[in-house]
Amino acid sequence: MKTLFIDMDGVIVDFLQSIDNHPEKDNYKGREDALPDVFLNALPLEHAIDSVGKLLDCGKYEVYIASTAPWATVESLTHKRIWIEKYFGDRLKKRLILTHRKDFLMGDYLIDDRLKNGAGEFKGELLHFGTTKYPDWKSNVFGDEPREKLVFKHKNLNLMGFQHHDKVLNNFKKTSIT
């Protein structure tokens, strides 16, 4: 089984929307991560909860959340833990790692939207979320062969139908790890 680490802010948590919607944001210019309850009240990114659930269910990965909490905002550590429980229940219980050194993590994959805090030096494969290669949590399926035993009905799934070989290969270069 492969070990997969998933960042929170900007990967599964819509941190920017939480800042934009915060009533005190103008008083915290340049230090938005100190906004009261900004982590606690953040919403998930579109498709993130379902997609992480699929990764947890597929049996291929041992999934952990690896996030960085602002050192000066002590309550953010607790708020991130509460957020994980709110959206995942016990599924990620005791699987939250808060660190400023993601390069110390030992595993196969790290999904992160930034290269800071050691993410850029992660020893496994960095899946740089939000980039052209890994833009979001949506999935693509190519082909239109009859599926008698498998059901492909999921809001995150984009059924592409039959595609030219070159287009399929080009899209495989952009796909995620599942």
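Model, not experiment: these values are computed from the prediction. (Residues numbered from 1 in each chain as written. Predicted model: local features only at pLDDT ≥ 70, side-chain atom pairs only at ≥ 80, totals over all residues. Heavy atoms only, no water.)

### Here's the deal with the overall build of the chain
Note the following rule: Numbered from the N terminus, helices here are DSSP runs of H or I no shorter than four residues, and strands are runs of E no shorter than two. Accessibility here uses a 1.4 Å probe with only protein chains present; expressed as a share of the type maximum, an area under 20% marks a residue as buried, one over 50% as exposed, and anything in between as partly exposed. In what follows, residue pairs with any heavy atoms lying within 4.5 Å of each other are defined as contacts. The Shrake-Rupley method, run with a 1.4 Å probe sphere, supplies the accessible areas, and residue values consider only the shown protein chains as cover.
Secondary structure assignment for the chain yields 4 helices and 7 strands. Counting from the amino terminus, the chain carries its helices and strands in the arrangement β-α-α-β-α-β-β-β-β-β-α. Within the chain, the proportion of its 178 residues that are buried is 38%. Within the chain, contacts between residues at least 6 apart in sequence are counted, and of these 61% link residues at least 24 apart. With an accessible surface of roughly 11000 Å², the chain has 51% of that area assigned to carbon and sulfur atoms.

### Some remarks on the packing of aromatic side chains
The description of an aromatic ring pair rests on the distance of the ring centres and on the angle between the ring planes. Which entries qualify depends on this criterion: A pair of aromatic rings is counted whenever rings of Phe, Tyr or Trp (Trp by its six-membered ring) have centres within 6.5 Å, and the orientation is called stacked for planes under 30 degrees apart, edge-to-face for over 60 and tilted otherwise. For a ring to carry a charge above it, either NZ of a lysine or CZ of an arginine must fall within 6 Å of the ring centroid while also lying within 35 degrees of the normal to the ring plane.
On inspection of all chains with the given rule, the structure shows 6 aromatic pairs. Centre to centre, the rings of Phe5 and Tyr64 are 5.8 Å apart; their planes meet at 35°, and the pair counts as tilted. A residue pair is termed long-range when its members are at least 10 positions apart, and Phe5 in strand β1 (residues 2-6) and Tyr64 in strand β2 (residues 61-67) qualify at 59 residues. An identical accessibility class is assigned to Phe5 and Tyr64; each is buried. Taking 6.1 Å as the distance between ring centres and 80° as the angle between the ring planes, the aromatic pair formed by Tyr61 and Tyr109 counts as edge-to-face. One end of the pair, Tyr61, is in strand β2; the other, Tyr109, is in strand β4 (residues 109-112), with 48 residues separating them in the sequence. Put simply, the rings of Phe5, Tyr64 and Phe122 pair up and form one aromatic cluster. Lying over the aromatic face of Tyr64, Arg95 brings its terminal NZ or CZ to 4.9 Å of the ring centre.

### Details of the environment of Pro44
Positionally, Pro44 belongs in the loop between α1 (15-20) and α2 (48-57). Judged by relative accessible area, which is 23%, Pro44 ranks as partly exposed. The contact partners of Pro44, leaving out residues within four places of it in the chain, are Ile12, Val13, Asp14, Ile49, Trp83 and Tyr87.

### A closer look at the nonpolar core
Formally: Buried residues of nine kinds, namely Ala, Val, Leu, Ile, Met, Phe, Trp, Tyr and Cys, make up a nonpolar core once their side-chain atoms join them within 4.5 Å.
Ranked by internal contacts, the top residues of the largest apolar core, which has 24 residues, are Ile6, Ile12 and Trp137. Where this core is concerned, the elements lending two or more residues are β1, α2, β2, α3 (75-88) and β4. Counting 7 residues, the second-largest nonpolar core is a separate cluster that includes Phe5, Ala66, Leu110 and Phe122.

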